[in-house]
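Spelled out from the first residue to the last, the chains are:
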Amino acid sequence: MGRSELERLSREELIELVLRLQRPEKTSRTSSKPPATDRKAQREHSKPGGAKPGHEGHSRVLSDDPNTIVQHRPEACACCGASLHAALPAEIVSVSEQIELPAVAPNVTQHQRLAVCCPRCGTRVIAPAPEAARGTPFGPRLHAVATYLKTFQALSYERLQAALSDLFGLTLSQGGLMNLLRRAQGRFRAGRDAAIATLRKAEVVACDETGVRIEGSNAYHWLFHSAQAVVHTPSPTRGAVVVREMMDGHRPAVWISDRYTAQQGHAAEHQTCLAHLARDVAYVVEVSDDPVPWRLQLWLGSVFDLAERVTDLAASTLSAKRRSLDRQLGAILATSSRCDLTRDLQAKISRARDQLLVFLVYPGKVEPTNNGSERLLRPAVVQRKVTNGYRAMWAAEGEAAIRTVVDTARLSGANPFGAILKTVGA
């Protein structure tokens, strides 16, 4: 805004402009911005990391099946010097362990085709080509290790090449690695299709998305999950068409997401993420002296307290508490305010008012926040930050299929590498 434009502003408009400029910037505590974007001064005054007061400590769990057990017995009495022979009973007073990794070297099986000259007719007979000679020279475990390191440890082709060389003495070209990974990714298509089929039967579905670079252009990594399935999928768009294609006509009972327009209207009811709303309220509380945001913050605190014990209460109790909370919210939203931020906040909450307490109707099945989706998306966000995205769409789709199969398997307690090895070796 130039000088001439400022001169045309009224006194009230100038005051409003100055007040806006004086407002503090949004942080990770008052918005969806990641903590890494906070200024250093803000991070210095943040709460210290590590265990909180009263947190119960945990120690490493000892092995149930050690490879070797060495017993250390005293040989003589420290008091009188008498010999303590091996037949005397003993008790274990402490246990300690030493853990080491064995040296890992590739197990190479060389298949040699031999030719033999027939002693009867003189014909030179060559053995048929073995099955191992028809496919890739790399076995399932090597495919699984490379897939795990590339997808879940976000290694680039160069770093993956170095890791295989340094750790296992394997020399693979980057082109060979790309072909290896592409072969492995193909094994996950069936599992991805099964997860999508399960998702399309779910009663409750949560969804979120994050930005990613694919083939040099801005795109999106979408995440859908239910109690039985997790589905990752890349798309060039953030529009609702992605949801419609994924659900293929299925309308769950409840959809959980933020207030983004493309996420609306896909289920019978919608649970808006209250964590997003709490950050918006925290920002207005920090900026404004208006009491309305503070009342909203207290109201959200009551909702979160109720959410922690929602499965312990009877349906009639939850229904009564929902009506009470809705009446309290109605009174807060009806309170007049001179603060523009408060009015915007009231309007935002009013538009989503029927989506705030849906979780009370489905105790234990619907979460009041969409934090579960954000946790499942976090590895993809780390991958984006480390590698800056994907050079080809097939790579993005392949990794999405791998994450789909592995995250779905983890719902039943499976180990990520174990799930990869099982799929690749099938």
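As the structure is a computational prediction, the values presented were derived from the model and not from experiment.

It is worth spelling out the side chain of S257 at this point. Within the secondary structure layout, S257 lies in strand β6 (residues 254-257). Residue S257 is classed as buried on the basis of its relative accessible area of 0%. The residues contacting S257, other than those within four sequence positions of it, are C207, Q263, H270, Q271, T272, C273 and N370.

Another aspect to go through is the sheet that holds strand β3 (residues 204-214). In space, the five strands of this open sheet follow the order β5-β4-β3-β6-β7, with mixed pairing throughout. Two strands in the sheet have a free side with no partner beyond their single neighbour: β5 (230-235) and β7 (269-272). Pairwise comparison of adjacent strand axes, ignoring direction, gives a mean angle of 25° for this sheet. Looking at chain direction, β3 and β6 are connected through three bridges and run parallel. When the bridges of β6 are listed, V204 appears paired with V254.

L296, W299, I349, L356, L357, F359 and L360 are the most contacted members of the largest nonpolar core, which totals 34 residues. For this core, the secondary structure elements donating two or more residues are β3, β6, α9 (274-287), α10 (291-308), α11 (315-334) and α12 (340-351). For F359, the contacting residues outside a window of four places in its chain are Q271, L274, V303, A307, V366, E367 and P368. Ranked by size, the runner-up nonpolar core spans 16 residues in total, among them A202, C207, W255 and A267.

So, how was this worked out
Residues numbered from 1 in each chain as written. Predicted model: local features only at pLDDT ≥ 70, side-chain atom pairs only at ≥ 80, totals over all residues. Heavy atoms only, no water. Helix = DSSP H or I, 4+ residues; strand = E, 2+ residues; numbered from the N terminus. Buried < 20%, exposed > 50% of the residue type's maximum accessible area, 1.4 Å probe, protein only. Contact = heavy atoms within 4.5 Å. Pairing = 2+ DSSP bridges. Axes fitted to C-alpha atoms, helices over the stretch in contact; angles between N-to-C directions. Core = buried A, V, L, I, M, F, W, Y, C linked by side-chain atoms within 4.5 Å.

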